[in-house]
Amino acid sequence: MFVADYSNHKIRRVEVATGEVTTIAGSGEHGDEDGVGEAAEFCCPAGIALSPDRSALFVADQGGDKIRRVEVATGAVTTIAGSGEGGDADGEGEAEEFCGPRGLAISPDGGALFVVDQGSHKIRRVEVATGEVTTIAGSGTRGSTDGVGDAAQFYNPCGIAIRPDAGALFVADFGNHKIRRVEVATGEVTTIAGSGTEGSTDGVGEASEFSYPTEVAISADGS
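The shown structure was predicted, so the numbers you read here are calculated from the model rather than taken from an experiment. Numbering of residues starts from 1 in every chain and runs along the sequence as written. Restriction of local features to residues with pLDDT of at least 70 applies here, the model being predicted, together with a cutoff of 80 or more for giving and counting side-chain atom pairs; totals for whole chains, interfaces and linings are based on all residues. Side-chain numbers come from the whole structure's heavy atoms, not from hydrogens or water.

With that settled, consider the nonpolar core. Membership of the largest hydrophobic core comes to 16 residues, with the highest contact counts inside it found for F114, I123, F154, I160, L169 and V182. Only DSSP runs of H or I reaching four residues or more are called helices, and only runs of E reaching two or more are called strands; each is numbered from the N terminus. Secondary structure elements with two or more residues in this core: β10 (112–117), β12 (133–137), β14 (157–162) and β15 (168–173). In terms of residue count, the dominant contributor to this core is β10 (3 residues). Each nonpolar core is a collection of buried residues, namely Ala, Val, Leu, Ile, Met, Phe, Trp, Tyr and Cys, held together in the definition by side-chain atoms within 4.5 Å. Note on exposure labels: buried denotes an accessible area under 20% of the residue type's maximum, exposed denotes more than 50%, and partly exposed covers the range between, all computed with a 1.4 Å probe on protein chains only. Within the second largest apolar cluster, 15 residues are counted, among which are F58, A81, V126 and V133.

Along a regular strand, successive side chains alternate from one face of the sheet to the other. Pairing analysis gives 5 bridges linking strand β5 (residues 45–50) to strand β6 (residues 56–61), with the strands arranged antiparallel. When the sheet's bridge partners are listed, I48 is paired in β6 with V59. Pairing between strands is defined by DSSP: at least two bridges between the two strands are required. In this antiparallel pair of consecutive strands, β5 and β6, the connection spans 5 residues, and R54 shows a positive phi of 70 degrees.

Attention now moves to the pattern of salt bridges. In the sections that follow, a salt bridge refers to a side-chain nitrogen of Lys or Arg positioned within 4 Å of a carboxyl oxygen of Asp or Glu. Here the structure, examined in full by the defined rule, presents 15 salt bridges. For R124, the salt bridge is made with D90, and the minimal N-O distance between the two is 2.9 Å. Of the two residues, R124 sits in strand β11 (residues 122–127) while D90 sits in the loop between β8 (76–81) and β9 (101–106), which places them 34 residues apart along the sequence. Residue D165 is joined to R163 by a salt bridge in which the shortest nitrogen-to-oxygen separation is 3.1 Å.

This part covers the sheet that holds β5. Reading across from one edge, β4-β8-β7-β6-β5 is the order of the 5 strands in this open sheet, with antiparallel pairing throughout. Strands with a single pairing partner mark the edges of an open sheet, and in this sheet they are β4 (35–36) and β5. Two strands pair when backbone bridges link them, and β6 and strand β7 (residues 66–71) are joined in this way by 6 bridges, in the antiparallel orientation. Within β7, the position partnered with F58 by the bridge is R69.

It is worth stressing that arrangement in space is one thing and function is another; only the former is reported here.
Here it is as structure tokens:
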């Protein structure tokens with residue numbers, strides 16, 4: 001098991017069978033230095049995803065406004081996207097920006113990362129090979145509107161999961177008390193559960209209620 005240890009600014013490993021904990025990367029001091037093992041620095045890492053071949057971890061470095069890569073075998077840390085300046089600019093290299101990235105999901109083929117950019121109220125895509133960042137959905141202004149691409153709105157989204165067929169993303173929309181669906185190909189956003197009013201009522205679709213949902217996970221068959 002791999003853990004983004006938020007306030008310790010570290011990436012940790014837990015052996016499931018024994019509970020033994022080791023630090024893979026991070027000095028424990030907040031910062032944004034790339035490097036190997038404890039020579040690297042993070043600033044409030046929040047989200048984590050494991051590559052399909054299990055060789056690399058991807059980390060949403062929330063306080064650093066960056067997406068980082070950690071080699072599991074060596075602890076080598078590199079920045080793959082994000083200038084370190086808070087913002088919502090798309091682009092490649094140092095041109096792109098994040099604003100408090102929170103959750104991550106990786107495509108089944110390992111080619112793309114999907115990022116919940118909490119502070120910008122957007123869902124972003126990062127090409128693993130190039131670091132190019134594009135916005136899939138979200139206007140950048142907080143709200144709860146369903147729609148396509150930048151016509152849709154989120155409010156401090158947190159968690160994210162991807163269907164096994166990579167066709168759709170599911171988002172825990174924290175501030176809206178909703179679970180949203182995003183079509184990967186088109187950026188169309190729909191609300192699948194949650195009335196938008198804080199509560200705990202079970203039910204179907206908009207008849208149900210949540211109270212600040214933070215994480216989502218999807219079954220192996222995507223149902």
